[in-house]
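In case you want the letters, here they are:
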Amino acid sequence: MTALVYVLNGPNLNMLGVREPEIYGSETLDDLRLRTEKAAARSGLNIEFRQSNIEGEIVNWVQEARGRAKGIIINAGGYTHTSVAILDALQAVSLPVVEVHLSNIFRRDEFRQHSYISLAATGVICGLGAKGYELAVEAMADILNKSVRKA
Ligand code: DHK
């Protein structure tokens, strides 16, 4: 059976396309979803692609992934830098996690250079724009095929 992977997007990613395109690119969230779905089809994965501006909803989705999905790809947006709750949820479900960011968070404001999510992530992809989502899917397929260690 084809493995299911949750692709979770945090706050303000619904604004892609209009939001600071010089930083986040010109593709919309829908473009990103299509791109990610195509990459998943190539890698033999099924994805559930979601976005929320609400921290608790993301926590609920991470918990829901347990038992349903084989892994989680997450761009937690601004919650990356603030959310102990999302980190706790990711650690609680013990699934492989690939963290992704469109921008290179290490070339930006100092507060963006720390990620709570990274503490639960097998790997992090950032700074490669929308392509990063395709790479995250490929990486997840690899992790699931090889069952490499989760952290
Ligand atoms: C997206 C956001 O919304 C920011 O809050 C993060 C991340 C970076 C991104 O690059 O995709 O700092």
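Here the structure is shown first, and the text comes after it.
The structure reproduced in this document is the subject of the present report. Worth saying up front: this structure is predicted, and the values here are computed from it rather than measured.

Reading the values: rules and limits
Residues numbered from 1 in each chain as written. Predicted model: local features only at pLDDT ≥ 70, side-chain atom pairs only at ≥ 80, totals over all residues. Heavy atoms only, no water. Pairing = 2+ DSSP bridges. Helix = DSSP H or I, 4+ residues; strand = E, 2+ residues; numbered from the N terminus. Axes fitted to C-alpha atoms, helices over the stretch in contact; angles between N-to-C directions. Contact = heavy atoms within 4.5 Å. Salt bridge = Lys/Arg side-chain N within 4 Å of Asp/Glu carboxyl O. Buried < 20%, exposed > 50% of the residue type's maximum accessible area, 1.4 Å probe, protein only.

1. Observations concerning the sheet that holds strand 1 (residues 3-9)
- Spatially, 2-1-3-4-5 is the arrangement adopted by the 5 strands of the open sheet, whose pairing is parallel. Because the sheet does not close on itself, it has two edges, and the strands there are strand 2 (45-51) and strand 5 (123-126). When strand polarity is set aside, the average angle formed by the axes of neighbouring strands in this sheet is 20°.
- Where strand 1 meets strand 3 (residues 71-75), 5 bridges bridge the pair, whose relative direction is parallel. Of the residues in strand 3, the one forming a bridge with Asn9 is Asn75.
- Against the sheet, helix 2 (residues 29-43) contacts strand 1 and strand 2, and its axis sits at roughly 165° relative to strand 2.
- Each of strand 1, strand 2, strand 3, strand 4 (97-101) and strand 5 touches helix 5 (residues 131-146); the most contacted strand, strand 4, lies at about 170° to it.

2. What about the pattern of salt bridges?
- Per the stated rule, a full pass over the model turns up 12 salt bridges.
- Of the charged contacts, one joins Glu37 and Arg33 as a salt bridge, the two residues approaching to 3.1 Å between their closest N and O atoms. With Glu37 and Arg33 both in helix 2 and 4 residues apart, the pair spans about one turn of that helix.
- We classify Glu37 as partly exposed; its relative accessible area is 32%.

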